[in-house]
Amino acid sequence: AQDHDLMLRISEIPDLRVAHIPHVLYHWRIWSESFSQTPASSLKSEASGLKAVAEVVDRRGWPASVGLATGTPYNYRPRFEQTLPLPVVKVIIPTRDRVDLLKTCVRSLERRTDGVDIHLVVVDNGSVEKATATFLSKLSEDDAVSVIRIDDEFNYSHLCNEGARVGPDTDYLLFLNNDVEIKGRRWLQQMTGWLAFDSGVCAVGAKLLRRKGKIQHAGVVLGLGGVAGHYADGEPNQPKLNSHHDQVREVTAVTAAMMLVRTHDFELVGGFNEDLPLVYQDVDLCMRLSEETGGSVLYDPTYPAVHLGSASRKSHEPIQTYGVFRFQMLWGDRIQAGDAYFNPHLSLQIPDLSMDGIPADESLFLTRFQPRISGPKQ
């Protein structure tokens, strides 16, 4: 694992930029008698890689243990430990009726959040059902909960921005959809750990699964579906060697269905863009955060949650169409340049990770071989 160790140490150089070159530059000659083909060598290699990652954590002074994720070899995972005093996170949940979803979300949040103190802010956008009013009234009796009501036309960005202004001052803001159910107890402790101890990270998202276990979110790919889309959306949540949905990794953006940011950074960029009321406001926020802070957006699949996806929202097709054109106007050059974290030979039409066809226009094909560069701008 000497090459792994070398790259980890190189990655600690300040203001490092990485170029991803989409060529096949190296072929490995497989020889049946090679030591690398024996099971013992794989175990030793994995153990050496684990040691290299543990040394990174030690060098950086992170309060974290290092282990292996389940299912695939060489899938190393730092897990942040509890620290004192406990960090405080403001959790902002926009909602409208569907109290069944909200109850599940809030109860899972209350019962399965270890290592972090939370202040919950529920932003009620025009609920009309009596059961919702009763539940929100009961919630508001708790000193650790704030409930506000905004009866304006639905604008997700506006609701989140207003929610961020309510309640006590905290170092972190978590944006959470009302149709998300928390499953792992240390999920927020893990997400907060990245922002608390790695100044190079500006936003963190988690793996989100559909109710039947398929992937709903594993990071956002710029250009997927023409604008932006979820990596591996609808694919089985099965461990697979080199599968990015099961790796802690940098991405262009994560979904605001579960997104953690520093309050200072959120205020620095002016919060969500309220000209994007329904779609792509989270992608826009992540890209502005990355540009303004020089930090990276991180996807961490350590503690997946369940997300039904737009279960409490009716169709807003005219607003959604406007959002698509608005986002393309704001970020057209970046979309055209391609996502730095996605292989340009994979299809951008559907999120099944299939190979793209070869364009008839040779110049279009050749653009696939241009390096994709990530990291702070020079």
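Here we summarise the structure given alongside this text. Everything quoted here is computed from the prediction, not taken from an experiment.

Cut-offs and rules
Residues numbered from 1 in each chain as written. Predicted model: local features only at pLDDT ≥ 70, side-chain atom pairs only at ≥ 80, totals over all residues. Heavy atoms only, no water. Phe/Tyr/Trp six-rings, centres within 6.5 Å; stacked < 30°, edge-to-face > 60°. Helix = DSSP H or I, 4+ residues; strand = E, 2+ residues; numbered from the N terminus. Buried < 20%, exposed > 50% of the residue type's maximum accessible area, 1.4 Å probe, protein only. Polar contact = N/O pair within 3.5 Å; in protein donor to acceptor, adjacent residues only side chain to side chain. Contact = heavy atoms within 4.5 Å. Lys, Arg positive; Asp, Glu negative; His and termini not counted. Salt bridge = Lys/Arg side-chain N within 4 Å of Asp/Glu carboxyl O.

## Overview of the packing of aromatic side chains
- Summed over all chains, the structure comprises 11 aromatic pairs.
- Ring geometry for phenylalanine 80 versus phenylalanine 197: centroids 6.2 Å apart, planes at 15 degrees, classification stacked. Here phenylalanine 80, found in strand S3 (residues 76-80), pairs with phenylalanine 197, found in helix H6 (residues 187-197); they are 117 residues apart in sequence, far enough to count as distant.
- On the accessibility criterion, phenylalanine 80 (1% relative accessible area) is buried.
- Ring centres 5.2 Å apart and planes at 40 degrees place the aromatic pair phenylalanine 175 and phenylalanine 266 in the tilted group. A residue pair is termed long-range when its members are at least 10 positions apart, and phenylalanine 175 in strand S7 (residues 172-176) and phenylalanine 266 in helix H7 (residues 263-268) qualify at 91 residues.
- On the basis of relative accessible area, phenylalanine 175 is assigned to the buried category, the value being 0%.

## Remarks on the side chain of threonine 113
- One can find threonine 113 in the loop between helix H3 (99-111) and strand S5 (117-124).
- Relative accessible area serves as the criterion here: at 13%, threonine 113 is assigned to the buried category.
- In terms of polar contacts, threonine 113 uses its side chain to reach the side chain of tryptophan 187, at 3.2 Å.
- In this view, threonine 113 contacts Ile118, Arg185, Trp187 and Leu188; residues no more than four positions away in its chain are not counted.

## Details of the side chain of arginine 372
- Within the secondary structure layout, arginine 372 lies in strand S16 (residues 372-374).
- Although arginine 372 is buried, it forms no salt bridge, and the closest oppositely charged side chain is aspartate 339 at an N-O distance of 6.3 Å.
- Those residues in contact with arginine 372 that lie beyond four places of it in its chain are Val18, Ala19, His20, Ala337, Gly338, Asp339, Ala340, Phe342 and Pro344.

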